[in-house]
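Chains, contacts and geometry: an overview
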Amino acid sequence: MRAFVVTQYKSPLVAAEVPEPDVGEHDVLVRVDAAGLNALDEKIRAGEFRQILPYRLPQILGNDVAGTVIGLGAKVRGFRVGDEIYGRPDQRRIGTFADRIAIAEDDLALRPATIGIEEAASLPLVALTAWQALVERGNLQPGQRVLVHAGAGGVGTIAIQLAKHLGATVATTVSAGNADFVRELGADVVIDYRSQDFEELLDSYDLVLDSLGGENLEKSLRVLRPGGRVIGIAGPPDPAFARELGANPLLRLAMTVLSAGVRRRARRLGVSYEFLFMRASGDQLRRIAGLVDSGVLRPVVGRIYDFDQAAEAVQDLGRGGIRGKAVLSKHVSQP
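Scope of this entry: the structure provided in the associated data block. A quick note: this is a predicted structure, and the numbers were derived from the prediction, not measured.

Criteria and cut-off values
Residues numbered from 1 in each chain as written. Predicted model: local features only at pLDDT ≥ 70, side-chain atom pairs only at ≥ 80, totals over all residues. Heavy atoms only, no water. Helix = DSSP H or I, 4+ residues; strand = E, 2+ residues; numbered from the N terminus. Rg over C-alpha atoms; globule rule 2.2 N^0.38 Å. Buried < 20%, exposed > 50% of the residue type's maximum accessible area, 1.4 Å probe, protein only. Lys, Arg positive; Asp, Glu negative; His and termini not counted. Charge placed at Lys NZ, Arg CZ, Asp CG, Glu CD. Salt bridge = Lys/Arg side-chain N within 4 Å of Asp/Glu carboxyl O. Pairing = 2+ DSSP bridges. Patch = residues over 30% accessible without salt bridge, like charges linked within 9 Å, V, L, I, M, F, W, Y side chains within 5 Å. Areas by Shrake-Rupley, 256 points an atom, 1.4 Å probe, with all protein chains shown as cover. Phe/Tyr/Trp six-rings, centres within 6.5 Å; stacked < 30°, edge-to-face > 60°. Lys NZ or Arg CZ within 6 Å of the ring centre and 35° of its normal. Axes fitted to C-alpha atoms, helices over the stretch in contact; angles between N-to-C directions. Core = buried A, V, L, I, M, F, W, Y, C linked by side-chain atoms within 4.5 Å. Contact = heavy atoms within 4.5 Å.

1. Brief notes about the overall build of the protein
- Scanning the protein from terminus to terminus reveals eleven helices and 16 strands.
- Its C-alpha atoms give the protein a radius of gyration of 19 Å, within 12% of the compact-globule value 20 Å for 335 residues.
- Dimensions along the principal axes, computed over C-alpha positions, put the protein at roughly 55 × 45 × 35 Å.
- In the protein, which comprises 335 residues, the share counted as buried stands at 56%.
- Charge separation in the protein, taken as the distance between the mean sites of 40 positive and 41 negative side-chain charges, equals 5 Å.

Pasting the structure below:
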């Protein structure tokens, strides 16, 4: 079958003929109809995560999928051939930039019935990230205040809507050109990151979802109330993540050292920092599908590429400027 693979870190994706996927007894074989593009794809291609995610090259890229079930493992009970699904494969089994992929049954859900295939493909990774940050980790409650950085991006567009649904007051950082757009999504406080300093404007927030890291993370610690929390998805990874990953002792030590400074500064401020690397979950995707079909969440697809443009699309990720998500589709149609 045809797929788009990384053959060497920092090199462009290439189209290649690869073996058909192995379908385990708990796996679902999916015909890929569309695949979401994520910053994670570009980071993997560039080799930035090779210590955390040591893929053996050549590696098929792709972390989001919407497609059709065409085969079932012997012990699969929750799906049937012909089902239209969406999902994020386990991090050890990525590879949605391909004709077909085998995915564990537990990592899939029926796709939302009220949206198209490209919109469904845009959701899994970013929606799971927002859910796990705000609901599972953050335990965001009505009346609390949350800052979502990069509100016009893939994670940000979903996180703003989810936070409003949970009853929170939502602040976000965007460029001026996206201010009205994120207000329509539900943002209460909109900060132009080019001309305003969010640290000077915000105070006593309960939670920050940080997708930028660096100086942005440091400043985010200072807008929290005592006991508040920053959940970072751009790093640095922390010891808890190293344990979840099952990292070897050397890598655990490296992660501990990398995050030691920010964790220490957080403690001095009476707040906390934790790193989130989202995990696959079909159960959570079913709940997210319900929110989409009830009108609570609206996927934002800023650009659709033909599947054959995968290499170009991944390169474009580094340039930014796309609202919400970009998607590869085998049935290209503008949303």
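2. Let's talk about the pattern of salt bridges
- Evaluated as defined, the whole model comprises 25 salt bridges.
- Residue Arg2 is joined to Asp308 by a salt bridge in which the shortest nitrogen-to-oxygen separation is 2.6 Å. Separated by 306 residues along the polypeptide, Arg2 in strand β1 (residues 2-6) and Asp308 in the loop between β15 (301-306) and α11 (310-317) bring together distant segments of the chain.
- Arg303 is paired through a salt bridge with Glu312; the nearest N and O atoms lie 3.8 Å apart.
- For Glu312, a relative accessible area of 35% gives the class partly exposed.

3. Some points on the sheet that holds β1
- Reading across the sheet, the three strands line up as β2-β1-β4 and stay open at both edges, with antiparallel pairing between neighbours. In this open sheet, the two edge strands, each paired with only one partner strand, are β2 (14-17) and β4 (59-60).
- The pairing of β1 with β4 spans two bridges and is antiparallel. Opposite Val6, over in β4, you have Gln59 as the bridge partner.

4. Thoughts on a nonpolar patch on the surface
- On the surface, Leu250, Leu253 and Val257 cluster together to form a nonpolar patch covering roughly 330 Å² of accessible area.
- Along the chain, Val257 turns up in helix α9 (residues 249-268).
- We classify Val257 as exposed; its relative accessible area is 56%.

5. Quick look at the packing of aromatic side chains
- For the coordinates displayed, the defined rule picks out three aromatic pairs.
- The rings of Phe49, Phe241, Phe275 and Phe277 are connected pair by pair, giving a single aromatic cluster.
- Between the NZ or CZ atom of Arg323 and the centre of the ring of Phe181, over which it lies, the distance is 4.4 Å.
- Here the basic side chain of Lys330 rests over the ring of Phe307, its NZ or CZ set 4.8 Å away from the ring centre.

6. Let's talk about the sheet that holds strand β12 (residues 205-210)
- Judged by pairing direction, the sheet is parallel, and its six strands sit side by side in the order β11-β10-β9-β12-β13-β14 without closing on themselves. Edge positions in the open sheet fall to β11 (189-192) and β14 (272-275), since each of these has one partner strand only. Strand-to-strand, the axes of this sheet are offset by a mean angle of 15°, without reference to chain direction.

7. Side note on the environment of Pro19
- Mapped onto the secondary structure, Pro19 falls in the loop between β2 and β3 (27-37).
- In this structure Pro19 comes out as exposed when scored by relative accessible area, which is 69%.
- Between the alpha carbons of Pro19 and Gly151 there is a distance of 39 Å; along the sequence they are 132 residues apart.

8. A few points about the nonpolar core
- One finds Tyr86, Phe97, Val146 and Ile288 to be the most contacted residues of the largest nonpolar core, which totals 107 residues.
- Top element by residues in this core is helix α3 (residues 124-137). It accounts for eight residues.
- Discounting residues that sit within four places of it in the chain, Ile288 has contacts with Tyr86, Ala127, Leu128, Trp131 and Leu297.
- In this structure, Met1, Ala3, Val5 and Ile60 belong to the second largest nonpolar core, which totals six residues.

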